[in-house]
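Working through the structure, step by step
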Amino acid sequence: MSVESVFPRLEPLLPRVSKPVQYVGGELNATVKDWDSAAVRWALMYPDAYEVGLPNQGVMILYEVLNEMPDVLAERTYAVWPDLEKLMREHGVPQFTVDGHRPLGAFDVLGVSFSTELGYTNMLTALDLAGIPLHAADRTVEHPVVLAGGHAAFNPEPIADFIDAAVLGDGEEAVGEITDIIRQWKAQGRPGGRDELLTRLAETGTVYIPRFYDVSYREDGHIDAVTPNRDRVPATVAKRTTMDLDAWPYPKQPLVPLAESVHERMSVEIFRGCTRGCRFCQAGMITRPVRERSIEGIGAMIQTGLEASGFEEVGLLSLSSADHSEIGEITKQLADRYEGTNTGLSLPSTRVDAFNIDLANELSRNGRRSGLTFAPEGGSERIRRVINKMVSEEDLIKTVSAAYANGWRQVKLYFMCGLPTETDEDVLQIAEMAKNVIRAGREASGRRDIRCTISIGGFVPKPHTPFQWAAQCDPDTVDSRLRKLREAVNSDRDRSLGRNIGMRYHDGKPSLIEGLLSRGDRRVGRVIERVWRDGGRFDGWSEHFSYDRWVSAAAAELEPLRVSLDWYTTRERDEAEILPWDHLDSGLDKEWLWDDWQDALDAREQDDCRWTPCFDCGVCPAMGTDIEIGPTGRKLLPISPVGVGSPTRNPALTGQ
Ligand code: B12
Ligand code: SF4
């Protein structure tokens, strides 16, 4: 049955809202497929504004993977701003996709990509606007399967009431398998209704159906047990890992945003995973092991993507791009290939220990010498040992001196505040480090106009990391340390040092709420719903976020259950405690995580298993995988110049 576009009803509202172009779709490389010929229909949501959601790599990949399947269609939807939400409610316009402007309720699956927990309230808005019951238990066979993915889905318990299913880990292969199950169930006439479909998904062992697990609690508020409540459902659910990135060279046709967006460049993920072992980094822990894309695969993706999109900048992305075993060759050969064209290359923030000036020179050969970004994360050597970010100040100074001597003028340094065992002194040393960077820069360049920006984020302990047991630092302590840091930055006898340091930070309150949503259990769902009913939207945006709204909702919903916001955040957990995500298997061995937590408390470091023997974190055996790295010694394939002729026919890109 065809589904009508809501655009005729939406269009008259658009002149009355901000940035209407974000709702019209039709971007270069967007796809609108015939509704009737599709057997399975996916709506993919990034639950934030278009400008953040459109460039999201995960959604872009899945959108293309799904649309390449002949009998499958996938369309995108983003969170609508409150001005449009109000008008949609007044005029009865449902949440729609930007591609076909089809109502969300008509799709088979609504896949929501959660990179951050702060998107939870936006999912509720979308469900409500779409007329999909907020609670999974109230949905019928007529409603889409609401499926969560992305890194936050590694603990989907706070949204367990609102989602039907969650996938942990990589989506490329998972979406195909889910599609197959839905296709077959629909073709069979939907036997057993929604329940049977969800059971078939659960049987795969890699799709988590929260409703099929009962959680019981003890008197003291701790979880007593999490048990499957039916046969055919596994006791634990495993994450998905896409091993061969060259077999999945997506996006092949990057979407080009119509409205301004956070990044307007083409991104190529050069490897996935990270084994550096920074203890605060959930992304690094849950995406193990490291899997590199080959140099030819990278070159071919860039060639095809640039031709398809017209972008003039390519970002070589990953969690720590300078760690690719062939990064030197990749950047040199790409710089050679694109020399004299408008195509610039960039790496996101690099590790000081992986950075070298040749690499930076290659990257800027064809473009601007803009700022360099490093993330020491901790101000003192001691705290850097606690978090396992072994970057010495000496290395940093050496690196920035070389950069300044080579013409760079601006360095940005990222830090965190509120780390486990942290003292005021650890944070104050950030000021010293920044000043030393400027001194070194002045000396190396002979100039005074050297700038250093320090950007400080509040630390949030995350599930599936060694810090999952840690007490989160309370916002008052974080704020007071940041105040003292500001004073220290400005207090030098040589005031010009302080003047050349820019300081960017947020207060500690939003981090506490992120902490509640990150390590919460199912009881936190009530808080989310209450906040949303009370007007909570776009919690990742400081102008929309209300700390007071969260605090009062938490008090109202949690106190009757004898738990609290503090209980979920600033409380340290002990080894025996059942954590809400223990039945969700990221592959990491819980005992290894605990030992690593103890090592952190003793400020003991752990090596990177890429270069040293395996230290048994558990991922490779649990997932039947292995680290996949070079060097391969291979070269970029020769190609025709950009814009002339057709892209090389690389089997990795054509899928043949
Ligand atoms: C690494 C990283 C970066 C790197 C590389 C980005 C990249 N590779 O895309 C760099 C440093 C470049 C970067 C830049 C930025 N980032 Co960033 N980044 C991240 C981080 C830590 C991981 C993203 C990642 O690995 N992507 C790789 C893709 C392939 O993986 P994926 O999105 O997880 O998707 C896979 C699976 O998870 C799964 N999946 C995902 N969704 C779904 C859904 C379903 C239904 C299923 C089944 C599966 C599934 O399938 C996908 C394919 O396997 C996330 C936080 C996080 N934990 O996700 C923040 C994050 C996405 N970044 C963020 C931001 C703000 C930015 C910047 C705007 C920062 C800035 N001011 O410049 C830019 C924007 C860049 C851009 N192109 O969008 C925010 C977004 C905030 C928001 N409101 O949504 C996040 C959430 C961090 C945060 N907590 O604030 N980022
Ligand atoms: S199992 Fe060993 S090789 Fe694999 S990621 Fe963990 S430590 Fe590294």
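About the thresholds
Residues numbered from 1 in each chain as written. Chains lettered and ligands numbered in written order. Predicted model: local features only at pLDDT ≥ 70, side-chain atom pairs only at ≥ 80, totals over all residues. Heavy atoms only, no water. Buried < 20%, exposed > 50% of the residue type's maximum accessible area, 1.4 Å probe, protein only. Helix = DSSP H or I, 4+ residues; strand = E, 2+ residues; numbered from the N terminus. Contact = heavy atoms within 4.5 Å. Polar contact = N/O pair within 3.5 Å; in protein donor to acceptor, adjacent residues only side chain to side chain. Near = heavy atom within 4 Å. Nonpolar A, V, L, I, M, F, W, Y, C, P; charged D, E, K, R; others polar. Domains from an automatic or database assignment. Axes fitted to C-alpha atoms, helices over the stretch in contact; angles between N-to-C directions. Left-handed = near helix turned anticlockwise from the far one by under 90°. Parallel < 35°, antiparallel > 145°, perpendicular 65-115°, else oblique. 1 Å grid on protein atoms, 1.4 Å probe; cavity = no way out; pocket = protein on both sides within 12 Å on 5 of 7 lines; lining within 4 Å. Points joined across faces, edges and corners; volume = space filled by probe spheres on them.

The chain goes by Radical SAM family uncharacterized protein in an unreviewed UniProt entry, where it is assigned to Actinokineospora iranica.

Here we look at helix 18 (residues 524-533)
For an α-helix the count is 3.6 residues per turn, leaving residues at separations of three or four pointing the same way. In terms of burial, helix 18 is a largely internal element, seven of the 10 residues being buried. Contacts from the buried residues of helix 18 go to helix 4 (82-91), helix 5 (120-130), helix 17 (509-519), helix 19 (547-558) and helix 20 (565-569). Two residues or fewer after helix 18 comes G535, characterised by a positive phi angle close to 105 degrees.

A few points about the environment of S320
Take S320: it is sitting in the loop between strand 13 (313-317) and helix 10 (327-338). Under the relative-accessibility criterion, S320 is labelled buried at 5%. S320 sits 48 residues away from R272 along the chain, and the two C-alpha atoms are 9.2 Å apart. Residues in contact with S320, not counting those within four places in the same chain, are F271, C274 and R351. Polar side-chain contacts of S320 include one of 2.7 Å to the side chain of D323.

Quick look at the site of ligand 2
The local shell around ligand 2 consists of T275, C609, C614, F615, D616, C617, G618, V619, C620 and P621. Its residues assigned to classes, the shell around ligand 2 comprises seven nonpolar, two polar and one charged.

Some points on the domain arrangement of the chain
Each assigned domain of the chain is listed with its residue range as follows: domain 1 (7-235), domain 2 (247-366 + 626-656) and domain 3 (369-507). Put simply, the middle of domain 1 and the middle of domain 3, counted by C-alpha atoms, are 39 Å apart.

Observations concerning the site of ligand 1
The environment of ligand 1 is formed by 29 residues, the closest being Y46, D48, S113, H151 and E172. In this structure, an oxygen atom belonging to ligand 1 sits 3.5 Å away from a main-chain N or O atom of G58. Top element by residues in the shell around ligand 1 is helix 3 (residues 57-67). It accounts for four residues. Residues of the shell around ligand 1, tallied by class, amount to 12 nonpolar, 12 polar and five charged. For the shell around ligand 1, the two domains that each supply at least three residues are domain 1 (7-235) and domain 2 (247-366 + 626-656).

Focus: the packing of helix 9 (residues 295-309) against helix 10
Relative to each other, helix 9 and helix 10 sit at 35 degrees, their axes nearing to 10 Å. Two packed elements cross with a definite hand, and for helix 9 against helix 10 that hand is right-handed. Facing I295, I298, G299, I302, Q303 and L306 of helix 9, the residues of helix 10 in contact are E329, I330, Q333, L334, R337 and Y338. Residues that form the contact of helix 9 with helix 10 fall into these classes: seven nonpolar, three polar and two charged.

With respect to the packing of helix 14 (residues 424-445) against helix 15 (residues 475-490)
Running from amino to carboxyl end, helix 14 crosses helix 15 at an angle of 30 degrees, the nearest separation of the two axes being 9 Å. Compared by their axis directions, helix 14 and helix 15 come out roughly parallel. Classified by chirality, the crossing of helix 15 by helix 14 is right-handed. Seen from helix 14, the contacting residues are D424, V427, L428, I430, A431 and K435; seen from helix 15, they are R481, K484, L485, A488 and V489. Here the contact of helix 14 with helix 15 is built from residues that sort into seven nonpolar, no polar and four charged.

What to know about the layout of surface pockets
Counted as a void, the second largest pocket has a volume near 250 Å³. Residue lining of the second largest pocket: 16 residues in total, with D108, V141, E142, H143 and R190 positioned closest to the centre. Sorting the residues of the lining of the second largest pocket by element identifies helix 6 (172-187) and helix 7 (193-203) as the ones contributing at least two each. The element that contributes the greatest number of residues to the lining of the second largest pocket is helix 6, accounting for three residues.

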